[in-house]
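Structural overview for review
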Amino acid sequence: RKTKTTLAVSLLLLTVMLVAQSAGGIKWTPPKRWSVEPARPMRAATYKAPAAPGDPEPAECAVNYFGSGQGGTVDANITRWTGQFQTPGGQPATGKTDKQTVNGVKLTTLDISGTYIASGGPMMASGAPKPNSRMLAAIVEGKQGMVFFKFAGPKKTVTASEAEFKAMLSSIKPE
């Protein structure tokens, strides 16, 4: 009986370790419905949210951690990310930012929609501007440095997965 209990506890701990992710002194739990993508250079993790019906592709959530003191300031990243979007008329898009604390960890979020025009990043494999796009992003101030969550893709797909992205951010805790 003791062996079965020990085995059950070991399996539970292994499951928790496989589900939780970490970087920069924080840990989080990704949405179960999202797929975990293979390791990529300069990324702590990459996830794909399935495409909403009618959307041409899934959305991608890139999580970057560059090290203590690396990656630029919160404001510089918000400005850069906002500059990656335009209105349909070609004007700069305006995003909504918010500052909050989750489980004692400071984070700044950005929500922006429009035509994604950046020359690189998760949505730009072809390099062509992508209309009807949306990005939900967060800069998390971990104890070992900032961790950047950038969830971008077709607007309908990102909107369909918004609650999952927010739940992932709510799961953030210091490591």
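Notes on the structure follow. (Residues numbered from 1 in each chain as written. Predicted model: local features only at pLDDT ≥ 70, side-chain atom pairs only at ≥ 80, totals over all residues. Heavy atoms only, no water.)

On to the overall build of the protein chain. Broken down by element type, the protein chain carries four helices and eleven strands. Residues counted as buried form 41% of the 175 residues belonging to the protein chain. Taking the contacts inside the protein chain whose residues are at least 6 apart along the sequence as the reference set, 57% of them involve residues at least 24 apart. Carbon and sulfur atoms make up 58% of the accessible area of the protein chain, which totals about 9600 Å². (Helix = DSSP H or I, 4+ residues; strand = E, 2+ residues; numbered from the N terminus. Buried < 20%, exposed > 50% of the residue type's maximum accessible area, 1.4 Å probe, protein only. Contact = heavy atoms within 4.5 Å. Areas by Shrake-Rupley, 256 points an atom, 1.4 Å probe, with all protein chains shown as cover.)

In this section: the pattern of salt bridges. For the structure on display, the rule yields eight salt bridges. Measuring nitrogen to oxygen at the nearest pair gives 3.6 Å for the salt bridge that ties Lys48 to Glu60. Residue Lys48 is located in strand 4 (residues 45-49), and its partner Glu60 is located in strand 5 (residues 59-65); the two are separated by twelve residues in the primary sequence. Using a relative accessible area of 4% as the deciding quantity, one classes Glu60 as buried. Residue Lys166 pairs with Glu162 through a salt bridge whose shortest N-O separation is 3.0 Å. Here the residue Lys166 and the residue Glu162 both occupy positions in helix 4 (residues 162-170), the gap between them amounting to four residues, near one helical turn. Among the residues examined, Glu162 registers a relative accessible area of 18% and is labelled buried. Here the residues in one salt-bridge network are Arg40, Arg43, Lys48 and Glu60, joined through shared partners. (Salt bridge = Lys/Arg side-chain N within 4 Å of Asp/Glu carboxyl O.)

A few words now on the sheet that holds strand 2 (residues 26-28). One open sheet holds the three strands; their spatial order is 1-2-11, and the pairing between them is antiparallel. The open sheet has two edge strands, strand 1 (21-23) and strand 11 (173-174), and neither has a second partner. Pairing between strand 2 and strand 11: two bridges, direction antiparallel. If you follow Ile26 over to strand 11, its bridge partner there is Pro174. (Pairing = 2+ DSSP bridges.)

Each aromatic ring pair is described using two quantities: the centre-to-centre distance and the angle formed by the ring planes. Summed over all chains, the structure comprises seven aromatic pairs. Seen from their ring centres, Phe66 and Phe148 are 5.8 Å apart, and the 45 degrees between their planes marks the pair as tilted. You can see Phe66 sitting in the loop between strand 5 and helix 2 (74-82) and its partner Phe148 sitting in strand 10 (residues 145-154), a full 82 residues away along the chain. Of the residues examined, Phe66 reaches a relative accessible area of 35% and is grouped as partly exposed. Chaining the aromatic ring pairs together yields one cluster made of Trp34, Tyr47, Phe151 and Phe165. (Phe/Tyr/Trp six-rings, centres within 6.5 Å; stacked < 30°, edge-to-face > 60°.)

In this section: the nonpolar core. Trp28, Phe149, Phe151, Phe165 and Ile172 are the most contacted members of the largest nonpolar core, which totals 24 residues. Elements with a minimum of two residues in this core: strand 2, strand 4, strand 5, strand 8 (105-116), strand 9 (130-142), strand 10 and helix 4. When residues no more than four places from it in sequence are discounted, the contact partners of Phe151 are Trp34, Ala49, Ala59, Glu60, Cys61, Arg134, Met135, Leu136, Val158, Ser161 and Phe165. Of all hydrophobic cores here, the second largest spans 15 residues; its members include Ala93, Ala137, Phe148 and Ala152. (Core = buried A, V, L, I, M, F, W, Y, C linked by side-chain atoms within 4.5 Å.)

The next point concerns unusual backbone geometry. For Asn103, which is not glycine, the phi dihedral falls at a positive 50 degrees. Inspection of the secondary structure assignment puts Asn103 in the loop between strand 7 (96-102) and strand 8. At Asn132, a position not held by glycine, the phi torsion is positive, near 55 degrees. The topology assignment puts Asn132 in strand 9. Accessibility expressed as a relative area gives 60% for Asn132, which makes it exposed.

Any link to function would need more than the numbers given here.
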